[in-house]
Amino acid sequence: FAARAPLSLSASSLEKYAECPFKFSAEKLLHLKDQNVVDLDLDPSSRGSLIHAIFERLTEEPRRWRWTEAELVEVVEAARGEINYPDFGLWDSMRPRFVELALKFLAAEEQWRNQYPETKTLGREVRLKGRWLPEERRLVRDDEVNGHGYPVTGQIDRVDGNDKDQYVILDYKSSATDVSGIESWLRGE
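Parameters at a glance
- Residues numbered from 1 in each chain as written.
- Predicted model: local features only at pLDDT ≥ 70, side-chain atom pairs only at ≥ 80, totals over all residues.
- Heavy atoms only, no water.
- Helix = DSSP H or I, 4+ residues; strand = E, 2+ residues; numbered from the N terminus.
- Buried < 20%, exposed > 50% of the residue type's maximum accessible area, 1.4 Å probe, protein only.
- Pairing = 2+ DSSP bridges.
- Core = buried A, V, L, I, M, F, W, Y, C linked by side-chain atoms within 4.5 Å.
- Contact = heavy atoms within 4.5 Å.
- Phe/Tyr/Trp six-rings, centres within 6.5 Å; stacked < 30°, edge-to-face > 60°.
- Lys NZ or Arg CZ within 6 Å of the ring centre and 35° of its normal.
- Axes fitted to C-alpha atoms, helices over the stretch in contact; angles between N-to-C directions.
- Parallel < 35°, antiparallel > 145°, perpendicular 65-115°, else oblique.
- Left-handed = near helix turned anticlockwise from the far one by under 90°.
- Nonpolar A, V, L, I, M, F, W, Y, C, P; charged D, E, K, R; others polar.

*Asks:* Which parts of the structure should I look at to understand unusual backbone geometry?
*Replies:* If a residue is not glycine, its phi is most likely negative; likewise, a peptide bond is most likely trans. Here the amide bond leading from E61 into P62 is cis, since omega sits at -5°, within 30 degrees of zero. Structurally, P62 can be placed in the loop between helix 3 (44-58) and helix 4 (69-83). Phi angles above zero are rare outside glycine, and R137 is one such case at about 55°. Following the sequence through the fold, R137 ends up in the loop between strand 1 (120-133) and strand 2 (138-140). By relative accessible area, which is 48% here, R137 ends up partly exposed. Phi angles above zero are rare outside glycine, and D165 is one such case at about 60°. Within the fold, D165 resides in the loop between strand 3 (150-161) and strand 4 (167-170).

Written out as structure tokens, the structure is:
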């Protein structure tokens, strides 16, 4: 009988548990997964990976707000190559949607930087590792608790900050239906 590694949790795992403890247990304890459905469109995970790869390229320094359509097509194609999305003959009709999304992202970024000119990007795709202490209802760094609590891992899309030790965590979403504020996280504990 082999010893198992300790259960590792992510923010999305905790959301899954709150939504349905059975689904969470099936995935985390029994290691069951939904089969990928073959589709001609991008599945949500691949779409999210593609969008993240596009945004990561567009936020590289030095920042710029004006890109030609040809440059954005190159960015989208490079991101597509990164996630290894195969072409079923429909990519040419899908590409313009991602170029348009890149343009909207650049406009939103320019507005953000104009509104908060003192901020700069401190990290992109930042790995998070810590421990959840359920009795204290808080997340702490591993080195603070000497192995107590439950391991939690995750990735933060982007962290921006200024010289006044003020920080903001940016979580990219591929649709407005995925957007939620800190208040909903706090209400959901």
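*Asks:* Can you walk me through the pairing of strand 3 in this structure?
*Replies:* For a regular strand, the rule is simple: side chains alternate between the two faces of the sheet. Bridge count for strand 1 against strand 3 is 11 bridges, and the pairing is antiparallel. Directly across from R131, in strand 3, lies its bridge partner P151. Of the pairings in the sheet, the one linking strand 3 to strand 4 comprises four bridges and is antiparallel in character. Along strand 4, the bridge assignment pairs R158 with L170. Hairpin connection of strand 3 to strand 4: five residues between the antiparallel strands, including D165 at a positive phi of 60°.

*Asks:* I keep staring at the nonpolar core and nothing clicks. Help me out?
*Replies:* The nonpolar side chains of a soluble globular protein tend to be buried with one another. L50, I54, L58, W91 and F98 are the most contacted members of the largest nonpolar core, which totals 20 residues. Of all the elements in the fold, those that place two or more residues in this core are helix 3, helix 4 and helix 5 (91-115). Broken down by element, this core gets its largest block of residues, seven residues, from helix 5. Beyond its immediate sequence surroundings of up to four residues, F98 is in contact with L42, R47, L50, I51, I54, V76 and W91.

*Asks:* Just checking my understanding: could you explain the packing of aromatic side chains for this structure?
*Replies:* Centre distance and the angle of the planes are the two values used to describe a pair of aromatic rings. Scanning the model with the defined rule gives five aromatic pairs in all. Among the aromatic residues, those joined into a ring-pair cluster are F55, F105 and Y172. The ring centre of W67 lies 4.0 Å from the NZ or CZ of R64, which sits over that ring.

*Asks:* So what exactly am I meant to see when it comes to the pairing of strand 1 here?
*Replies:* Relative to strand 2, strand 1 is paired through three bridges, and the arrangement is antiparallel. Within strand 2, the position partnered with R131 by the bridge is V140. With antiparallel pairing between neighbouring strands as the criterion, strand 1 and strand 2 make up a hairpin whose turn holds four residues, including R137 at a positive phi of roughly 55°.

*Asks:* Help me understand the side chain of R113 in this model?
*Replies:* Note that R113 resides in helix 5. On the accessibility criterion, R113 (12% relative accessible area) is buried.

*Asks:* Teacher, can you tell me more about the packing of helix 3 against helix 5 here?
*Replies:* The axes of two packed helices give the description: the angle between them and the distance between them. Between helix 3 and helix 5, the shortest axis-to-axis distance is 11 Å and the interhelical angle comes to 50°. The angle between the axes of helix 3 and helix 5 places the two elements in the oblique class. Crossing handedness for the pair helix 3 and helix 5: right-handed. Along the contact surface, helix 3 presents R47, L50, I51, I54, F55 and L58, while helix 5 presents W91, F98, L101, A102, F105 and L106. Residues belonging to the contact of helix 3 with helix 5 are distributed by class as follows: 11 nonpolar, no polar and one charged.

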